[in-house]
Amino acid sequence: MSLAIFDLDPKLLDCQGQIWDRVNGYKYWLEELEKNEGGLLNFSLGYRIFGFNKAEGGYTYREWLPNAKQVFLIGEFNGWQNSTPLTSEGFGRWSVFLPEGTVPHKCQVKVRLETGDGAWHDRVPAWTKLAWQDHTTNLFNGVFWEPPAAEVYTFKHPRPAKPEALKVYEGHVGMGSFDPKVATYLDFARDVLPRIKRMGYNAVQLMAIAEHAHYGCFGYHVTSFFAPASRSGTPEELKEMVDVAHGLGIQVLVDLVHAHASSNTLDGIAQMDGTDHCYTHGGPKGHHSEWDSKIFHYTKYEVLRFLLSNVKWWLEEYKFDGFRFDGITSMLYQSHGIGKGYTGGYHEYFGDDAEIESHIYLMLANDLIHSVLPSAITIGEDVSGMPTLCRPVEDGGFGFDYRLAMAIPDMFIKLLKEGTDDAWDMGHITHTLTNRRYKEKVIAYCESHDQAIVGDKTLAFWLMDAEMYTGMSIKTQPQASLVVDRGLSLHKMIRLLVLGLGGEAYLTFMGNEFGHPEWIDFPRPENGWSHDKCRRRWDLAEDVHLRYQFFQAFDELMQACENRFKWLTSEEQYVSLKDNKDKVIAFERGGLLFAFNFHPCQSYSDYQIGVGWDEPMRCVLDSDESRFGGQNRLEHGHVNVFPVLGGFKERPHSVKLYLPARTAQVLVKESVLQGGIRILLAQSFLAGHGLTSADGVVLQLETVKDGKKEVAPMKFEGGCVELAQTSNATFALVGPSGDILKCGASKDEFFRVYFPGDYTISGKGYLENTPAKA
């Protein structure tokens, strides 16, 4: 018997012993769970066994505490007294039946246990659905969360389809507000989700969703794994936020922190039963020296049930669409990757350092996720480059859909930190962007939250530093300084280069798309517990007198360009030029030509670039447009085609372009731009407005005549409006009764289309680049 991964990469045969160890271990657990539990899916329903569960006439509370001598449920309902004992069921399980009404909704509780050595411990229930902080003690308590039927949130919108080209907006709910406060789930749903959709992203990746006692840990030291972070609201409010995202066509991914658990014993599951080896390994093996946290014992039966059930709980209860598995380098190796560098040699991944039990867990978790939800997306955060991480489990891989291309942001920060851009090596840049394992998808990004925290700098800060505060006003400084002009130019170019060449998906951290000027500093004693640097200054990007608007406008059009022409899904990728002397990079991807001139001062006229197709081209996006703060030097290419010339530098055809210094441009075949714009209305959008068809709906097209805005009303015929001679459009929709059918992803009621093509308005009023299904 062989594995498909060996056919894809025969070099893995040299390491097949350990690969078979993990594959056989995975199969062993599948067989054990089938025999003992009725299969993996049933095994992962632990939340129907442990914690509080409805039973006839009341609730059963159950906890796994193998080292307990006696156990009590304590809380507000019994004055925190040892008056509600649990009974041992064997195998470390303790339970009690609670008649209806014994513990009221929202009652705070804990579990109290005596261990064999006579010590007493109060613990937050491991499976609690909610935890609240007691501000008199600053400790957390579990919460009995069983709202009346009328208060249980009912999902209204279906999950979005799995994106062909994933574009991830990394966010943190608590710091998502303009105001210096902890933002709520409903704040985020109202203020941030529409912005994410308007910017062209189709997924939000949320940090810090599972409860964590220490707000400043960014959610990476989880204390209650089944409870959503209570600082931002209730479980029902989190469900509403997810539902709003789905209505906007946004997938909701969450950071899943299973690489470790908080070492906080008073609020978390560390030493849950009084020992250091309940859910985690005991002794040094169970301690992460750099994170000061605890390491799970992944193949311990009840620990495996806990973790796999946690995965399924978030998918089923909250309708999340997938996970970013945080810090899995720590899981892959017994050393946790501490003090190691990875150059790509297979000896670095296989050998004595491999942590096979974690490998098995990751395979089981990915198998479970994709079995429960085939449209789910899983992302592995691995800095080492472990082979087969993003190959299917059935092929012998770990089963992730994507890995994060972590070398890309490191490269750009190093370039900006250690030298001037006239010394950048074009070959090194393109190699880093294209250096990924065959048939393993990566998410490219030039910066994430890691680059925004105190102690580091965002790209914008590295580029402009203090002038982020003093040089961004158009009103007081109509002419940008050299520093700001350079920063604005390179910020746009780097982001487009990464989106164009860096992977099969793309990610940004919230606010970085418009060059957010503040670092992230969570409230702490040293800053007077201030939230001032733990929020997002959305106002800066909306101020027409500030240059932040140009960063945001470019990012929006850049994403719209990819959404329309869809190069991320194309396997056609060819770097035709990486000229280190001229500082020019050119490449073809998905039928588009990308051209970058990184030279700080040298512009080129009639610069010849080889291409693979014999067809005239036209520019559809360039970083020098005035709406992006540029000088509009490439306008000619937007309205005139570039004729195809003869072969050049090993390409069958070529084109001559004007390449101003520090600019980038994207060209498309002229034939792709024909046909104008078609607007269709999806049934999901119509139903949301109480309509069964597009009859009576009017599209009000905004036009300009003699310098004045006018409105041209157009009726839907056959469910469609055709704007045959239009390459971009701004319009409103008016229903049969005269009411405005608003765009749910807009700052106003208007819909905006930037490129010719077919567009469908769906859900809560958002544009898709695919026609409505019949």
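Model, not experiment: these values are computed from the prediction.

Each value, and the rule that gives it
- Residues numbered from 1 in each chain as written.
- Predicted model: local features only at pLDDT ≥ 70, side-chain atom pairs only at ≥ 80, totals over all residues.
- Heavy atoms only, no water.
- Helix = DSSP H or I, 4+ residues; strand = E, 2+ residues; numbered from the N terminus.
- Contact = heavy atoms within 4.5 Å.
- Salt bridge = Lys/Arg side-chain N within 4 Å of Asp/Glu carboxyl O.
- Buried < 20%, exposed > 50% of the residue type's maximum accessible area, 1.4 Å probe, protein only.
- Phe/Tyr/Trp six-rings, centres within 6.5 Å; stacked < 30°, edge-to-face > 60°.
- Lys NZ or Arg CZ within 6 Å of the ring centre and 35° of its normal.
- Pairing = 2+ DSSP bridges.
- Polar contact = N/O pair within 3.5 Å; in protein donor to acceptor, adjacent residues only side chain to side chain.
- Core = buried A, V, L, I, M, F, W, Y, C linked by side-chain atoms within 4.5 Å.
- Axes fitted to C-alpha atoms, helices over the stretch in contact; angles between N-to-C directions.
- Expected span 1.5 Å × (residues − 1).
- Disulfide = S-S within 2.5 Å.
- Parallel < 35°, antiparallel > 145°, perpendicular 65-115°, else oblique.
- Left-handed = near helix turned anticlockwise from the far one by under 90°.
- Nonpolar A, V, L, I, M, F, W, Y, C, P; charged D, E, K, R; others polar.

S.K.: Tell me about the side chain of S762, residues and numbers included.
M.R.: Along the polypeptide, S762 turns up in strand β36 (residues 757-762). Discounting chain neighbours no more than four positions away, the residues touching S762 are A682, S684, F685 and E768.

S.K.: Which residues make up the pattern of salt bridges, and what are the values?
M.R.: Scanning the model with the defined rule gives 49 salt bridges in all. One salt bridge in this structure joins R305 and E37, with 3.1 Å as the shortest N-O distance. Note that R305 is positioned in helix α7 (residues 301-317) and E37 in helix α2 (residues 16-37), a separation of 268 residues in sequence. Classification of R305 by relative accessible area gives buried; the value is 2%. Take E37: its relative accessible area is 22%, and that puts it in the partly exposed class.

S.K.: Account for the packing of aromatic side chains, with residues named and values stated.
M.R.: Think of a pair of aromatic rings as described by two things: how far the centres are apart, and how the planes are tilted against each other in angle. Taken as a whole and assessed by the stated rule, the structure comprises 47 aromatic pairs. For the ring pair W567 and F594, a centre distance of 5.0 Å and an interplane angle of 85 degrees mean the geometry is edge-to-face. Of the two residues, W567 is situated in the loop between α16 (548-565) and β23 (573-579) and F594 in strand β25 (residues 592-597); the sequence distance between them amounts to 27 residues. Given the relative accessible area of 0%, W567 is considered buried. The cationic tip of K11 hangs over the ring face of Y346; the distance from NZ or CZ to the ring centre is 5.2 Å. Note that K319 overlies the ring of F155, its terminal NZ or CZ placed 6.0 Å from the centroid.

S.K.: Hey, could you go over unusual backbone geometry for me, with residue numbers and the actual values?
M.R.: At W80, a position not held by glycine, the phi torsion is positive, near 60 degrees. Among the secondary structure elements, W80 is positioned in the loop between β3 (68-75) and β4 (87-90). Residue classification places W80 among the partly exposed positions, given a relative accessible area of 30%. In the Ramachandran plot, D606 falls in the positive-phi region, its phi being about 50 degrees despite a non-glycine side chain. Topologically, D606 is positioned in strand β26 (residues 604-611).

S.K.: For the pairing of β23, give the residues involved together with the corresponding values.
M.R.: Regular strands have side chains that alternate between both faces of the sheet. Summarising the sheet, β23 and strand β24 (residues 584-589) pair through six bridges and their orientation is antiparallel. When the sheet's bridge partners are listed, Y574 is paired in β24 with E588. Linking two consecutive strands that pair antiparallel, namely β23 and β24, is a turn of four residues; a positive phi of about 65 degrees is found at K583 within it.

S.K.: A description of the side chain of D401 should follow, citing residues and the corresponding values.
M.R.: Mapped onto the elements of the fold, D401 is located in the loop between β19 (377-380) and β20 (402-404). Among the polar contacts listed, one links the side chain of D401 to the side chain of K162, at a separation of 3.2 Å. Engagement of the side chain of D401 in a polar contact is seen with the backbone nitrogen of T378, the distance being 2.8 Å. If sequence neighbours within four positions are ignored, D401 has contacts with K162, H370, A376, I377, T378, C390 and K441.

S.K.: Outline the nonpolar core, supporting the account with residue identities and numerical values.
M.R.: One finds L193, Y279, F412 and L733 to be the most contacted residues of the largest nonpolar core, which totals 213 residues. Residues within four places of L193 in sequence aside, it is in contact with F188, V204, M241, V244, A245, L248 and I250. Residues V584, F642, L657 and L667 belong to the second largest nonpolar core, which totals 17 residues.

S.K.: How would you explain the sheet that holds strand β15 (residues 261-262) if you had to name every residue and give the values?
M.R.: On the basis of which strands lie adjacent, the open sheet formed by three strands has the order β15-β17-β16 and antiparallel pairing. A strand with exactly one partner marks an edge of an open sheet, and here the two such strands are β15 and β16 (287-288). For β16 and strand β17 (residues 293-294), the ladder comprises two bridges, and the chain directions are antiparallel. Along β17, the bridge assignment pairs H287 with K294.

S.K.: Kindly report on the environment of E418, identifying the contributing residues and their values.
M.R.: Secondary-structure assignment places E418 in helix α10 (residues 407-418). Distance in space between the C-alpha atoms of E418 and M331 is 32 Å, their sequence separation being 87 residues.

S.K.: Describe the sheet that holds strand β34 (residues 729-734), with residues and values.
M.R.: Read across the sheet, four strands follow the order β32-β31-β34-β35 without closing on themselves; strand pairing throughout is antiparallel. The open sheet has two free edges, formed respectively by β32 (708-715) and β35 (751-753), since each of these has just one partner strand. When the angles between neighbouring strand axes are averaged without regard to direction, this sheet yields 35 degrees. As judged from the three bridges shared by β34 and β35, these two strands associate in the antiparallel manner. Paired with A729 across the two strands is V753, which belongs to β35.

S.K.: Residue-level account of α16, with values.
M.R.: Owing to its 3.6 residues per turn, the α-helix aligns residues three or four sequence positions apart on the same side. Taking 1.5 Å of rise per residue, 18 residues should cover 26 Å, and α16 covers 26 Å from first to last C-alpha, within 8% of that figure. For α16, the tally of buried residues reaches 17 of 18 residues, placing the bulk of the element in the interior.

S.K.: Outline the state of the cysteines, listing residues and values.
M.R.: Scanning all chains against the criterion turns up zero disulfides. Unpaired in this structure, C217 has its nearest cysteine sulfur neighbour in C534, at a distance of 11 Å. C390 forms no disulfide, and the closest cysteine sulfur to it belongs to C15, at a distance of 18 Å.

S.K.: Got a sec to walk through the packing of helix α11 (residues 426-434) against helix α14 (residues 482-501)? Specific residues and values, please.
M.R.: Their axes nearest at 9 Å, the elements α11 and α14 cross at an angle of 45 degrees. Relative to α14, the element α11 lies oblique. For α11 against α14, the interelement crossing comes out right-handed. Packed against α11, whose contacting residues are I429, T430, L433 and T434, the element α14 presents L497, V498 and L501 at the interface. A per-class count over the contact of α11 with α14 returns five nonpolar, two polar and no charged.

S.K.: Requested: an account of the packing of α14 against α16, with residues and values cited.
M.R.: One way to put it is that α14 packs onto α16 with a least axis distance of 11 Å and a crossing angle of 20 degrees. Between α14 and α16, the angle is such that the two are roughly parallel. By crossing handedness, the relation of α14 to α16 is classed as right-handed. For the pair formed by α14 and α16, the contact residues are G487, L488, H491, K492, R495, L496 and L499 on the first element and F550, F551, F554, D555, M558, Q559 and E562 on the second.

S.K.: Account for the environment of A208, with residues named and values stated.
M.R.: The topology assignment puts A208 in the loop between β11 (203-207) and β12 (210-211). With 280 residues separating them along the chain, A208 and L488 place their C-alpha atoms 31 Å apart. With residues near it in sequence (within four places) discarded, A208 still touches H172, F218, G219 and A229.

S.K.: So, the environment of A694: which residues are in play, and what are the values?
M.R.: Here A694 is to be found in the loop between α18 (683-688) and β31 (698-705). Of the residues examined, A694 reaches a relative accessible area of 8% and is grouped as buried. Each C-alpha atom, one on A694 and one on S358, is 53 Å from the other, the two residues being 336 residues apart in sequence. In this structure A694 touches L681, L686, F716 and G719, once residues within four positions along its chain are discounted.

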